Amino acid sequence: SRLKEASVAAGLKSSNIRIVERAETPTAPFKPNPVRNLLLGMLIGLLLGVGLAFFIEYMDNTVKTPDQVEQLTTLPSLGVIPQAESMPKAVAAASKAKVMQVVPAAASRNGNSIELVVHYEPTTSLAEAFRSLRTSIMLSNSDGPPHTVLFTSPRPAEGKTTVSTNTAIAFAQTGKRVLLLDLDLRKPRLHTIFKLDNAIGFSSFLAGASEISPLIHSTEIENLYTITAGPIPPNPAELLSSIRLKQALEILKEYFDHIIIDSPPILSVSDSRIISRFTDGIILVIRSGETPKQVLRQAQKDLQLINAKVLGILINAANLRSSDYYYSKYHYYQYGDKYHSKHA
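Regarding the pairing of strand β6 (residues 258-262)
Part 1 of the reasoning: Across the 5 residues that make up β6, a large majority, 5, are buried.
Part 2 of the reasoning: Burial along β6 is two-sided: the residues His258, Ile260 and Asp262 and Ile259 and Ile261 are all buried.
Part 3 of the reasoning: Pairing geometry for strand β3 (residues 178-182) and β6, over 5 bridges, is parallel. The partner of Leu181 across the bridge, within β6, is Ile261.

Considering a nonpolar patch on the surface
Part 1 of the reasoning: A grouping of Leu52, Phe55, Ile56, Tyr58 and Met59 is seen on the molecular surface, where their side chains present a nonpolar patch of about 610 Å² in accessible area.
Part 2 of the reasoning: Relative to the elements of secondary structure, Phe55 occurs in helix α2 (residues 34-59).
Part 3 of the reasoning: Judged by its relative accessible area of 49%, Phe55 falls in the partly exposed class.

Brief notes about the side chain of Ser272
Part 1 of the reasoning: Position of Ser272 relative to the elements: it lies in helix α13 (residues 271-275).
Part 2 of the reasoning: You can call Ser272 buried: its relative accessible area is 2%.
Part 3 of the reasoning: A distance of 3.2 Å separates a polar atom in the side chain of Ser272 from a polar atom in the side chain of Thr152.
Part 4 of the reasoning: When neighbours within four sequence positions are excluded, Ser272 is seen to be in contact with Leu150, Thr152, Ser263, Pro264, Pro265 and Ile266.

A word on the side chain of Arg131
Part 1 of the reasoning: Looking at the secondary structure, you find Arg131 in helix α7 (residues 125-138).
Part 2 of the reasoning: With a relative accessible area of 18%, Arg131 lands in the buried category.
Part 3 of the reasoning: In terms of polar contacts, Arg131 uses its side chain to reach the backbone carbonyl oxygen of Pro122, at 2.6 Å.
Part 4 of the reasoning: Apart from residues lying up to four places away in sequence, Arg131 is in contact with Pro122 and Gln173.

A short note on α7
Part 1 of the reasoning: Spanning 14 residues, α7 covers 20 Å between terminal C-alpha atoms, matching the ideal 20 Å at 1.5 Å per step.
Part 2 of the reasoning: Buried residues of α7: Ser125, Leu126, Ala127, Ala129, Phe130, Arg131, Leu133, Arg134 and Ile137, and no others.

Calculation rules
- Residues numbered from 1 in each chain as written.
- Predicted model: local features only at pLDDT ≥ 70, side-chain atom pairs only at ≥ 80, totals over all residues.
- Heavy atoms only, no water.
- Buried < 20%, exposed > 50% of the residue type's maximum accessible area, 1.4 Å probe, protein only.
- Helix = DSSP H or I, 4+ residues; strand = E, 2+ residues; numbered from the N terminus.
- Pairing = 2+ DSSP bridges.
- Patch = residues over 30% accessible without salt bridge, like charges linked within 9 Å, V, L, I, M, F, W, Y side chains within 5 Å.
- Areas by Shrake-Rupley, 256 points an atom, 1.4 Å probe, with all protein chains shown as cover.
- Salt bridge = Lys/Arg side-chain N within 4 Å of Asp/Glu carboxyl O.
- Polar contact = N/O pair within 3.5 Å; in protein donor to acceptor, adjacent residues only side chain to side chain.
- Contact = heavy atoms within 4.5 Å.
- Expected span 1.5 Å × (residues − 1).

This is how it looks when you write it as structure tokens:
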């Protein structure tokens, strides 16, 4: 037995390890820490979200508010036309029902047409915005309201036809005789809005194929008349450069209190610059969140080169529910909507 114990002890190695304290079983896992990870995730997410928002705002090179217009240009801002989608749904539904009840035939033909919103939906924020634009135009000249106003835009699809049509309706509602003249001889639209024949129009007069009086059409809107563009000519700029344009406007001024002219985009073709020589003022229509700042500066520069009298810049299709307008004075349009919906 001693021999066996001695042989076993000889095979063991000496160790300096000794038990100081017995380990205890933990009540919770050491990792992961859900509370700490959740707080860190929320903090990092918040920082990334704020940083991304500032980055997107920095990269956004479009014009959205009148303050940006006045900072970028030396031209005044004439107002803001709200986006149709920014109207409260209850107000839009009530307004549409009112239109169908009052003028069912016109409503079924034109639908809820944005081009005629001032006539069919006079209590909405859109109609109120166009009436505010009408007031701005009337007060834009110290010598009196401009007689002939040209609407143009830097690029296509800015909404100048919609703005010019509703502005003409707003002027007609004051009892003045108003003529809506379509001088967009490249992509005319007024004849489709008012369901008129465009076989002959102003291009026919410029080409010497017609007199001016047969071209004047009355509309279903009281005090509002229109002249369609007519057949699209192969040389619109050359026709507009003729003396017949000036002669026509001089004749029309004798019969109408206001002449609203719809024209092509100013940066695309030279038509608007040619027409501006015979008008009392120009209104530049831009689209909120879509018109780049460089484009707006270039349009202003082109108008300054020809010494055009620019009445101001109008911001179209502005989303009043966005943060750019939420705390601004333009938020009153929704106040007007709530008032009208309450008293509908």
